[in-house]
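# Chain and residue survey
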Amino acid sequence: MLAKRIVPCLDIKDGQTVKGTNFVNLRQAGDPVELGRAYSEQGADELVFLDITASHEGRKTFTELVKRIAANINIPFTVGGGINELSDVDRLLNAGADKISINSSAIRNPRLVDEIAKNFGSQVCVLAVDAKQTENGWKCYLNGGRIETDKDLFEWTKEAQERGAGEILFTSMNHDGVKTGYANEALAALAGQLSIPIIASGGAGSKEHFRDVFLQGKADAALAASVFHFGEIKIPDLKSYLCGEGIIMRK
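Just so you know, these numbers come straight off a predicted model, no measurement behind them. (Residues numbered from 1 in each chain as written. Predicted model: local features only at pLDDT ≥ 70, side-chain atom pairs only at ≥ 80, totals over all residues. Heavy atoms only, no water.)

Here the focus is the overall build of the protein. In terms of regular secondary structure, the protein is built from 11 helices and 12 strands. Taking 251 residues into account, the globule formula puts the C-alpha radius of gyration at 18 Å, and the protein, at 16 Å, falls close to it. Expressed as a percentage of the 251 residues in the protein, the buried residues total 56%. Across the protein, contacts joining residues at least 24 apart in sequence account for 66% of those joining residues at least 6 apart. For the protein, the accessible surface area stands at approximately 10,300 Å², while carbon and sulfur atoms represent 46% of it. Averaging the positions of the 29 positive and the 33 negative side-chain charges in the protein gives two centres separated by 2 Å. (Helix = DSSP H or I, 4+ residues; strand = E, 2+ residues; numbered from the N terminus. Rg over C-alpha atoms; globule rule 2.2 N^0.38 Å. Buried < 20%, exposed > 50% of the residue type's maximum accessible area, 1.4 Å probe, protein only. Contact = heavy atoms within 4.5 Å. Areas by Shrake-Rupley, 256 points an atom, 1.4 Å probe, with all protein chains shown as cover. Lys, Arg positive; Asp, Glu negative; His and termini not counted. Charge placed at Lys NZ, Arg CZ, Asp CG, Glu CD.)

Below, the structure is given as structure tokens:
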């Protein structure tokens, strides 16, 4: 078994970290630079920065903020939001990002996945998917969960892997912020069909939820926000607990 990763997520709106429930009712969660530094020092394995209104508002991710966060951390750093073309990827990698997360832009232009993989390497390209379980199965959403598409979660992630995506960041909109556990059934199904790593997002509320997402959901990494931002779970305590449950963690 490969070592599992714990990944705090900074959802950014207007330059501040925010957190919502089911993608709405956002509340302030602190300064992103300070939070990033703290997570790096506490032993987080990676950090994700998502400019959650960039696609909806039609603007580019805050490059200066990315630079400031990157200067204060020493762990891999993934940045997403408003990335539509190769020049955006180049700009953010130069600002200190290690990986780029694309979501809405990839659904609108799937060839962007091919282009990023070809020009920068698959390891740089993280396909983020915001999906909701509907009567017609798991459907993917655009613009921070605002617009439903006809894309099926399983078909789209398989296509993205074939196009060269290096990782899948799957957020269950049904589970986001409600702290009742991850979408383990869907995650396990994804793990069964994909050969690239899967980052689980949406639903963390306890240490047991992290255990379950690794053992039942077969996820390679677990992303969470509010439980870390508001001090409900400390990363060193979480890693110690998971090791005690027989899960191999990065040191």
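We now examine the packing of aromatic side chains. Enumeration according to the criterion identifies five aromatic pairs in this entry. Taking the centre distance of 6.3 Å and the plane angle of 85° together, the rings of Phe49 and Phe77 count as edge-to-face. Placement of Phe49 in strand S4 (residues 47-51) and of Phe77 in strand S5 (residues 77-80) is noted, with a sequence separation of 28 residues between them. Judged by relative accessible area, which is 0%, Phe49 ranks as buried. (Phe/Tyr/Trp six-rings, centres within 6.5 Å; stacked < 30°, edge-to-face > 60°.)

Moving on to the pattern of salt bridges. Within the structure shown, the criterion is met by 13 salt bridges. Between Arg163 and Glu159 there is a salt bridge whose closest N-O contact spans 2.8 Å. One end of the pair is Arg163 and the other is Glu159, both in helix H7 (residues 153-163) and four residues apart, which spans about a single turn. Looking at Arg163, the relative accessible area reads 25%, which means it is partly exposed. Between Arg211 and Asp212 there is a salt bridge whose closest N-O contact spans 3.0 Å. By sharing partners, the salt bridges in this structure join Arg5, Glu46, Lys99 and Glu167 into a single network. (Salt bridge = Lys/Arg side-chain N within 4 Å of Asp/Glu carboxyl O.)

A negative phi holds for most residues other than glycine; trans holds for most peptide bonds. For Lys218, which is not glycine, the phi torsion reads 60° and is therefore positive. Secondary-structure assignment places Lys218 in the loop between helix H9 (207-215) and strand S12 (221-224). On the basis of relative accessibility, which here comes to 47%, the residue Lys218 falls in the partly exposed class.

Applying the stated criterion to the full structure yields zero disulfides. Distance from the sulfur of Cys125, which forms no disulfide, to the nearest cysteine sulfur (Cys140) is 15 Å. Accessibility expressed as a relative area gives 1% for Cys125, which makes it buried. Taking the relative accessible area as the measure of exposure, Cys140 reaches 0% and is therefore buried. (Disulfide = S-S within 2.5 Å.)

Glancing now at the side chain of Ser206. Relative to the helices and strands, Ser206 resides in the loop between strand S11 (198-201) and H9. Among the polar contacts made by the side chain of Ser206, one reaches the side chain of Glu208 at a distance of 3.2 Å. (Polar contact = N/O pair within 3.5 Å; in protein donor to acceptor, adjacent residues only side chain to side chain.)

The positions UniProt marks with the feature "active site" (unreviewed entry) are Asp11 and Asp130. A compact arrangement is adopted by the annotated residues: their sequence extent is 120 residues, whereas the largest C-alpha distance between any two is 13.7 Å. Within the fold, Asp11 resides in strand S1 (residues 5-13). Summarising the element assignment, Asp130 is placed in strand S7 (residues 125-134). Of the residues examined, Asp130 reaches a relative accessible area of 10% and is grouped as buried. A polar contact of 3.1 Å, which involves the side chain of Asp130, links it to the side chain of Asn103. (UniProt positions renumbered as here; feature names shortened; annotations may be inferred.)

Within the fold, Glu167 resides in strand S10 (residues 167-172). Of the polar contacts made by the side chain of Glu167, one reaches the side chain of Lys99; its length is 2.6 Å. In contact with Glu167, not counting residues within four places along its chain, are Arg5, Lys99, Cys125, Val126, Leu127, Ile196, Pro197 and Ile199.

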